[in-house]
Amino acid sequence: MPRSSGDSTATAVGNAVDLARQAERFGYRRYWFAEHHLNPGVLGASPAVSIALVAGATSTIRIGSAGVQLGHRQPLATVEEFGLLDAVYPGRLDLGLGRSIGRPKPAPERANGAGPATAAAVSAYAAGRGGGAHATEQRTGNGLLLPKQYDFGRLLATSATKVATILHLLQQPGAYTPDYDSQVSDILAFIAGTYVSPDGVAVRAYPGEGAALQVWILGASGGSSATVAGERGLRFAASYHHSPSTVIDAVEAYRAAFRPSAGR
């Protein structure tokens with residue numbers, strides 16, 4: 001939910017709900033909420049809570065996340081949240097999954113969350129975005145602007161302490177982020193009712209199992225998100241607004257990896 005300069009949180013929430021109503025009236029099919037933290041201009045602490053607020057004020061438009069950031073969220077909790085929403089608003093929920101920055105394993109770090117683990121997290125995130133790097137602005141054949149590739153090295157050099165603080169606040173001490181493919185696999189298994197732990201224990205997600213959710217993968221490059229989505233035949237949203245210089249690589253990687261799937 002965007003918050004304009006000078007607006008209160010209540011005003012911003014009211015504006016987001018009103019915009020969703022207007023979008024539904026104009027015939028739009030989807031209305032999604034991003035997840036952001038510690039950002040004064042975006043109230044995105046919990047996509048599930050935002051969805052609940054707007055779904056109750058609308059009747060037909062699909063409401064979804066763009067996306068739930070798995071860098072610091074558990075697959076089971078995510079499925080339970082969206083399963084509960086689906087019970088109240090059946091068939092209207094899009095579960096969009098983002099990768100985001102997370103603490104890798106193993107990750108030696110200082111007690112306050114700063115240190116080598118932070119550099120490793122940002123570096124791994126940047127590396128996982130895949131190709132598409134180019135030194136100058138370009139345009140595709142149909143005129144789509146592809147700006148110069150952003151230098152993530154600058155982000156690491158100038159924002160490492162801030163990133164460390166965010167990771168420290170969002171993740172439990174000593175926690176790490178599992179492989180993205182494994183997280184997506186767990187989410188799909190919980191929804192399908194087929195999850196079995198590495199130790200052989202079958203676990204059922206209540207609520208969540210059998211929920212009529214459309215699962216989407218969000219990606220901005222030709223990295224792991226596009227590949228995971230394609231290999232599993234999941235819906236894929238390439239985020240030009242997030243990383244315009246690599247969006248074509250995201251689409252091409254998704255198409256290259258795509259395998260048809262039933263009902264996804």
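Please read these numbers as outputs of a predicted model, since none were measured by experiment.

All right, on to the side chain of Gln 171 then. On the secondary structure map, Gln 171 appears in the loop between α5 (152-170) and α6 (180-192). Within the structure, Gln 171 has its side chain in polar contact with the side chain of Thr 177 (distance 3.2 Å). Discounting chain neighbours no more than four positions away, the residues touching Gln 171 are Gly 71, His 72, Gly 102, Arg 103, Tyr 176 and Thr 177.

Time to look at the pairing of strand β1 (residues 30-33). By the alternation rule, side chains of β1 split into Tyr 31 and Phe 33, which are all buried, and Arg 30 and Trp 32, of which none is buried. As for the winding sense of the linkage, the β-α-β connection from β1 through helix α2 (residues 47-55) to strand β2 (residues 62-65) is right-handed.

Next up on the list: the environment of Gly 27. With respect to the element layout, Gly 27 can be found in the loop between α1 (9-25) and β1. Judged by its relative accessible area of 52%, Gly 27 falls in the exposed class. As a C-alpha pair, Gly 27 and Ile 61 span 34 residues in sequence and 8.2 Å in three-dimensional space.

Further remarks concern helix α3 (residues 75-88). Given a rise of 1.5 Å per residue, 14 residues ought to cover 20 Å, and the 20 Å separating the end C-alpha atoms of α3 matches this to within 8%. If you check which residues of α3 are buried, you get Pro 75, Thr 78, Val 79, Phe 82, Gly 83, Leu 85 and Asp 86. Down the axis of α3, the smallest arc covering the buried residues is 165°, so these residues share one side. Residues of α3 that are exposed and point more than 90 degrees away from the buried face comprise Leu 84, Ala 87 and Val 88. Check the buried side of α3 and you find it contacts α2, β2, β3 (68-69), β4 (93-98) and α6.

On to the packing of aromatic side chains. Under the definition given, this model contains five aromatic pairs. Aromatic pair Tyr 254 and Phe 258: ring centres 5.7 Å apart, planes at 65°, arrangement edge-to-face. Overall, the relative accessible area of 16% leaves Tyr 254 in the buried class. The class of Phe 258 is partly exposed, set by a relative accessible area of 35%. The rings of Phe 236, Tyr 254 and Phe 258 are connected pair by pair, giving a single aromatic cluster.

Interhelical geometry of α2 versus α3 gives an angle of 5° and a closest axis separation of 10 Å. Accordingly, the angle class assigned to the pair α2 and α3 is roughly parallel. In this structure, α2 uses Ala 48, Ile 51 and Ala 52 to contact α3, whose residues at the interface are Glu 81, Phe 82 and Leu 85. For the contact of α2 with α3, the per-class residue count stands at five nonpolar, no polar and one charged.

Moving on, we come to helix α7 (residues 224-232). Ser 225, Ala 226, Val 228, Ala 229 and Gly 230 are the residues of α7 that are buried. Phi for Gly 233, located one or two positions after α7, is positive at around 65°.

Below, the discussion takes up the confidence of the model for the protein. Residues at a pLDDT of 70 or more form 86% of the protein, whose mean pLDDT is 87. Ranking the elements of the protein by mean pLDDT puts helix α4 (residues 116-127) last, at 56, and α3 first, at 98. Overall, residues 107-115 carries pLDDT values under 50, and its contacts beyond four positions in sequence, including any with other chains, amount to 13 contacts.

The rules behind each value
- Residues numbered from 1 in each chain as written.
- Predicted model: local features only at pLDDT ≥ 70, side-chain atom pairs only at ≥ 80, totals over all residues.
- Heavy atoms only, no water.
- Helix = DSSP H or I, 4+ residues; strand = E, 2+ residues; numbered from the N terminus.
- Polar contact = N/O pair within 3.5 Å; in protein donor to acceptor, adjacent residues only side chain to side chain.
- Contact = heavy atoms within 4.5 Å.
- Buried < 20%, exposed > 50% of the residue type's maximum accessible area, 1.4 Å probe, protein only.
- Right-handed = clockwise from strand over helix to strand, strands pointing away.
- Expected span 1.5 Å × (residues − 1).
- Arc of directions from axis to C-beta.
- Phe/Tyr/Trp six-rings, centres within 6.5 Å; stacked < 30°, edge-to-face > 60°.
- Axes fitted to C-alpha atoms, helices over the stretch in contact; angles between N-to-C directions.
- Parallel < 35°, antiparallel > 145°, perpendicular 65-115°, else oblique.
- Nonpolar A, V, L, I, M, F, W, Y, C, P; charged D, E, K, R; others polar.
- pLDDT = per-residue confidence, 0-100.

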